[in-house]
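Structure assessment
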Amino acid sequence: MTDRLNGISVFVTAVEAGSFALAAGRLHLSRSAVGKTIARLEQRLGVRLFHRTTRSQSLTDDGALFYERCLRALEEIRTAETLLESGKQQVGGRLRVSMPVLFGRMCIAPLLTELTREHPGLELELSFSDRIVDLIEDGFDLAIRNGALASNGGLVARRIGDHRMTLCASPDYLRSCGEPHSLEQLARHDAVTYMRAGAVRQWSILEADGKVREVMPNKRLQMDDLQAIADAAAAGFGIAWLPCWLVRDRLLKGELVRLMRDRPGASFEAHAVWPQTPHLPLKVRLAVDTLVSKLPPSLALVEKAL
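Residues numbered from 1 in each chain as written. Predicted model: local features only at pLDDT ≥ 70, side-chain atom pairs only at ≥ 80, totals over all residues. Heavy atoms only, no water.

**A word on the overall build of the protein**
- Along the backbone of the protein there are 13 helices and 14 strands.
- Taken over C-alpha atoms, the radius of gyration comes to 22 Å for the protein, in line with the 19 Å a tight globule of 306 residues would show.
- Considering only C-alpha atoms, the protein reaches an extent of 65 × 50 × 35 Å along its principal axes.
- Relative to its full complement of 306 residues, the protein shows a buried share of 40%.
- Considering only contacts within the protein whose residues lie at least 6 apart along the sequence, 73% involve residues at least 24 apart.
- On the protein, roughly 16500 Å² of surface is accessible, and the fraction owed to carbon and sulfur atoms is 50%.
- Side-chain charges of the protein comprise 40 positive and 36 negative groups, with the mean position of each set lying 3 Å from the other. (Helix = DSSP H or I, 4+ residues; strand = E, 2+ residues; numbered from the N terminus. Rg over C-alpha atoms; globule rule 2.2 N^0.38 Å. Buried < 20%, exposed > 50% of the residue type's maximum accessible area, 1.4 Å probe, protein only. Contact = heavy atoms within 4.5 Å. Areas by Shrake-Rupley, 256 points an atom, 1.4 Å probe, with all protein chains shown as cover. Lys, Arg positive; Asp, Glu negative; His and termini not counted. Charge placed at Lys NZ, Arg CZ, Asp CG, Glu CD.)

If you want it as structure tokens, here you go:
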């Protein structure tokens, strides 16, 4: 059995890191050692796991299937380890977590605060800010980040879920201006857009062939707060592109209407990030494992309801 597990963690790390070189850094191995481990795994399985060129790497179909199964297996092992450790020692102390304001308040905080019921000795300090904090300098144990991750020296990241975006507008706006049925029509409508650092975020819309197309909407209103954008859209000021978890209740109540439902909204990854350390504190591992196991089903239920 041990022989069959050899190379699995290296393979998963190589997928999540995006390259053998980055995986080697995370695992404290040489790039050559990572490459040889993957080659031995491919030889044992009798399939190619990666498409590799001098500039990029991507999973083969077999590799993608194997990755999903390996991820589930490793999650089960980590959960078992956490359960055993929690039985040996009481989880306690202060856990400082930084998270985006709305996503944190609506999706992350409810899951983490439940931990304090199970572990009375655990003290939670949750900080809500859309600012990218410096975990080490600001003294945080853990941070939640959405979207693509920048290169983070000295940090470890673990994917905890995906949240999908959707186009929506109020019934009054649609009665007055009509409903768009193509990207060309969409670009001509008034929009309430998200602005950050002085730049308006384009909308990423999936084409029928699965490719993502960037659309720059007609910027009638520009805001740097997603809740304010949802409020403006519900008030009839234009079309908005927002996370499903944020507009779920408004959609169910009929205050907003989903648009172009034949085109699934693009999704963004959510990650837990923490400082690299030889021995991960149990309180951090417990928090991350909780998010990995409970956040994806929570987000999936939101999307299913819509």
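**Regarding helix 11 (residues 226–234)**
- The set of residues buried in helix 11 consists of I229, A230, A232 and A233. One side of helix 11 holds all its buried residues, which, seen down the axis, span an arc of 165 degrees.
- Next to the buried residues of helix 11 lie strand 7 (190–196), strand 11 (218–223), strand 12 (240–243) and helix 12 (244–253).
- The distance from a side-chain oxygen at the start of helix 11 to the backbone nitrogen of Q227 is 3.1 Å, and the residue carrying that oxygen is D225.
- Of the residues trailing helix 11, G236 is marked for its positive phi of about 95 degrees. (Arc of directions from axis to C-beta. Polar contact = N/O pair within 3.5 Å; in protein donor to acceptor, adjacent residues only side chain to side chain.)

**Section: the pattern of salt bridges**
- For the coordinates displayed, the defined rule picks out 13 salt bridges.
- As a salt-bridge pair, E184 and R213 come within 3.3 Å of each other at their nearest N and O atoms. Taken together, the residues E184 in helix 10 (residues 183–188) and R213 in strand 10 (residues 212–215) connect sequence positions 29 residues apart.
- E184 sits in the partly exposed class, given a relative accessible area of 42%.
- It is possible to trace a salt-bridge network through shared partners that takes in R94, R96 and E125. (Salt bridge = Lys/Arg side-chain N within 4 Å of Asp/Glu carboxyl O.)

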